[in-house]
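Structural characterization, general
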Amino acid sequence: MNLTPDLIADYNDGLLARHRRTLAPWTDSLEQTEPVIQKLIDFQIAIPSWALGTGGTRFGRFSGGGEPGSLTEKLDDVGMLHALNRSSGAISLHIPWDIPTDVNAVRQQAERLGLRFDAVNSNTFQDQTGQSESYKFGSLQHTDGGVRRQAIDHNIEVIRHGETLGSKALTVWLSDGSCFPGQLNFRQAFARTLASLGEIYDALPADWKVYVEYKAFEPNFYSMTVGDWGSSYLYASKLGPKAYTLVDLGHHLPNANIEQIVAILLHEGKLGGFHFNDSKYGDDDLTAGSIKPYQLFLIFNELVDGMDARQMNHANDLGWMIDASHNVKDPLEDLLQSVEAIQIAYAQALLVDRAALEDARQNNDVVQAQEILQDVFRTDVRPLVAEARLRAGAALDPLGLFRQLDVREKLIQERGAKTIATGL
Ligand code: PSV
Ligand code: MN
């Protein structure tokens, strides 16, 4: 579907009067709001190639219609999201689900759609057909050197694919661990994993990063070899300056203080990137901001504070990615909602009066510190996010336009009612 600038401008015309009314209160404080709007325009959130189809649980999967069946169609879908919100200008690919067959064509298509390739993801958590060794008992941690070799080589192959597309980072998420006490020698598993990661690290191009993603549980339920931010930090520190920790919001034990984790990792210069999603219980992969929007805001509050302290570029110095999957929503609508929730949390964090907050902290004025944060959290910043979209040439209401154009119905007509996207 071709969402031309004219089509978007026509749609916006109908919403302009209302938008101007909601924006009016903000125009009194332009000095404060202009930088926020500009930062929102610059801020791009990568869409995971595996979230464009309907997800599932281990109990089943209810496929939606019109799902993308090839990398080309996945790029088209992300291109459409980006045309609607101008904030999804990147895609994160999972290999081997998304191996490009014609690299030049894929690059050209991405360029036409205004997309760049964010981190590439390796997969040693599933056995692929034709593969000689099995990952049933782990990959980089495996007791058998042959399995480790296969997993290391796969990661290096993923880097090579990423290079052809212009990616600059590899994300390694390992399902390695154990399900029962006694199954694994923890120390040796750690040492083997570190040595395997070291070989992958050595294959990184000079301007690349590797993100070590941790997860507390699943699919192993007794131990995970990269089970928490501490272990990830340890691996990243031992690997070297190109290695960083990746925080996936769904990968913590219940009630973990993720904002504190983020603050410390940033302070140590070891936070590399993010996988946004939300959860009630575990790795639920729900829409960002749908369950705990205050937590999302508090995370962004630490991100902005920590990035500013290190004079980092908000838009480029960390990898911003969504990692969600949805069983009951239209995947594209879900992604539009996630992007908007992230933008809202980011905009609110940018508006925190940091001097006043620090003052309250210095005076141990706990009440005032809470007031400062909650005042911003309870402020409706949606007009600012909409204004950023308007200036970037996006739709004032991306979800509204998606529905008005009946995009899903058109995708079903084009691709069929029973298509299944590759991925989980
Ligand atoms: C694992 O749960 C994870 O968060 C990793 O990022 C994977 O790459 C992704 O989900 C898709 O399986
Ligand atoms: Mn993830």
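Residues numbered from 1 in each chain as written. Chains lettered and ligands numbered in written order. Predicted model: local features only at pLDDT ≥ 70, side-chain atom pairs only at ≥ 80, totals over all residues.

1. Examining the overall build of the chain
- Of the regular secondary structure elements, the chain holds 15 helices and 13 strands.
- The C-alpha radius of gyration computed for the chain amounts to 22 Å, which stays within 12% of the reference 22 Å derived for 424 residues, consistent with globular compactness.
- Dimensions of the chain, computed from C-alpha atoms along their principal axes, come out at roughly 65 × 60 × 40 Å.
- Across the 424 residues that make up the chain, the buried fraction comes to 46%.
- When contacts within the chain are restricted to residue pairs at least 6 apart in sequence, those whose partners lie at least 24 apart make up 80%. (Helix = DSSP H or I, 4+ residues; strand = E, 2+ residues; numbered from the N terminus. Rg over C-alpha atoms; globule rule 2.2 N^0.38 Å. Buried ≥ 20, exposed ≤ 12 C-beta atoms within 10 Å, placed from the backbone. Contact = placed C-beta atoms within 7 Å.)

2. Details of the sheet that holds strand β5 (residues 116-117)
- Pairing within the open sheet is parallel, and its three strands lie in the order β1-β4-β5. Looking at which strands have only one partner, the edges of the open sheet turn out to be β1 (47-48) and β5.
- Pairing geometry for strand β4 (residues 90-92) and β5, over two bridges, is parallel. When the sheet's bridge partners are listed, A90 is paired in β5 with R116. (Pairing = 2+ DSSP bridges.)

3. Things to note about helix α8 (residues 258-267)
- Turning to α8, its buried residues are I258, I261, V262, A263 and L265.
- In this structure, the buried side of α8 is in contact with α7 (229-239), β11 (243-248), β12 (271-276) and α9 (293-309).
- Within two residues after α8, G269 carries a phi angle of roughly 70°, on the positive side.

4. Regarding unusual backbone geometry
- Omega for the bond connecting I95 with P96 falls within 30 degrees of zero, at 15°, which places this linkage in the cis form.
- Turning to its location among the elements, P96 is positioned in the loop between β4 and α4 (103-113).
- Cis rather than trans, the peptide bond between E218 and P219 has omega equal to 5°.
- One can find P219 in the loop between β9 (209-213) and β10 (223-224).
- Residues other than glycine seldom take positive phi values, yet N255 does so here, at roughly 70°.

5. Here we look at the sheet that holds β11
- The strand order β6-β7-β9-β11-β12-β13 describes an open sheet built from six strands, whose pairing is parallel. The sheet is open, and its two edges are formed by β6 (120-121) and β13 (319-322), each paired on a single side.
- Bridge analysis of strand β7 (residues 169-173) against β9 gives five bridges, and the strand direction is parallel. Note that in β9 the partner of A169 across the bridge is K209.
- α7 rests against β9 and β11 of the sheet, and its axis sits at about 160° to β11.
- Strands β11 and β12 of the sheet are contacted by α8, whose axis makes an angle of about 165° with β11. (Axes fitted to C-alpha atoms, helices over the stretch in contact; angles between N-to-C directions.)

6. Some points on the nonpolar core
- L84, V210 and V212 are the most contacted members of the largest nonpolar core, which has 111 residues in total.
- In terms of residues, this core owes the most to one element, helix α10 (residues 331-350), which gives twelve residues.
- Here V212 is in contact with V172, V226, S232, Y235, A236, A243, T245 and L246, once residues within four sequence places are set aside. (Core = buried A, V, L, I, M, F, W, Y, C linked by C-beta atoms within 7 Å.)

7. Quick look at the pairing of β7
- Among the five residues of β7, five are classified as buried, and the element is accordingly described as predominantly covered.
- Taking every second residue as pointing to the same face, both faces of β7 are buried, with A169, T171 and W173 on one and L170 and V172 on the other.
- Judged from the two bridges that link them, β6 and β7 form a sheet pairing that is parallel. Across the sheet, residue V120 finds its bridge partner in β7, namely L170.
- With helix α5 (residues 145-165) bridging β6 and the parallel β7, this β-α-β connection has right-handed handedness. (Right-handed = clockwise from strand over helix to strand, strands pointing away.)

8. Focus: the pairing of β9
- Counting buried positions along β9 yields four of five residues, so the element is predominantly enclosed.
- Sheet analysis places β9 next to β11, joined by four bridges and oriented parallel. Each bridged residue has a counterpart across the sheet, and for Y211 the counterpart in β11 is Y244.

9. A look at the packing of helix α2 (residues 30-42) against helix α13 (residues 382-392)
- The N-to-C vectors of α2 and α13 enclose an angle of 60°; their axes lie 9 Å apart at closest approach. It follows that α2 is oblique to α13 by the angle criterion. Classified by chirality, the crossing of α13 by α2 is right-handed. Touching T33, V36, I37, L40 and I41 of α2 are L384, V385, E387, A388, R391 and A392, all from α13.
- Considering only residue class, the contact of α2 with α13 consists of eight nonpolar, one polar and two charged. (Parallel < 35°, antiparallel > 145°, perpendicular 65-115°, else oblique. Left-handed = near helix turned anticlockwise from the far one by under 90°. Nonpolar A, V, L, I, M, F, W, Y, C, P; charged D, E, K, R; others polar.)

10. What about the environment of E409?
- As for its position among the elements, E409 is in helix α15 (residues 407-415).
- Owing to 11 C-beta atoms within 10 Å, E409 belongs among the exposed residues under this scheme.

11. Brief notes about the environment of L3
- Residue placement: L3 occurs in the segment before α1 (5-23).
- Remark: the alpha-carbon pair of L3 and M80, spanning 77 residues in sequence, is separated by 7.1 Å.
- Discounting residues that sit within four places of it in the chain, L3 has contacts with I8, M80, A83 and L84.

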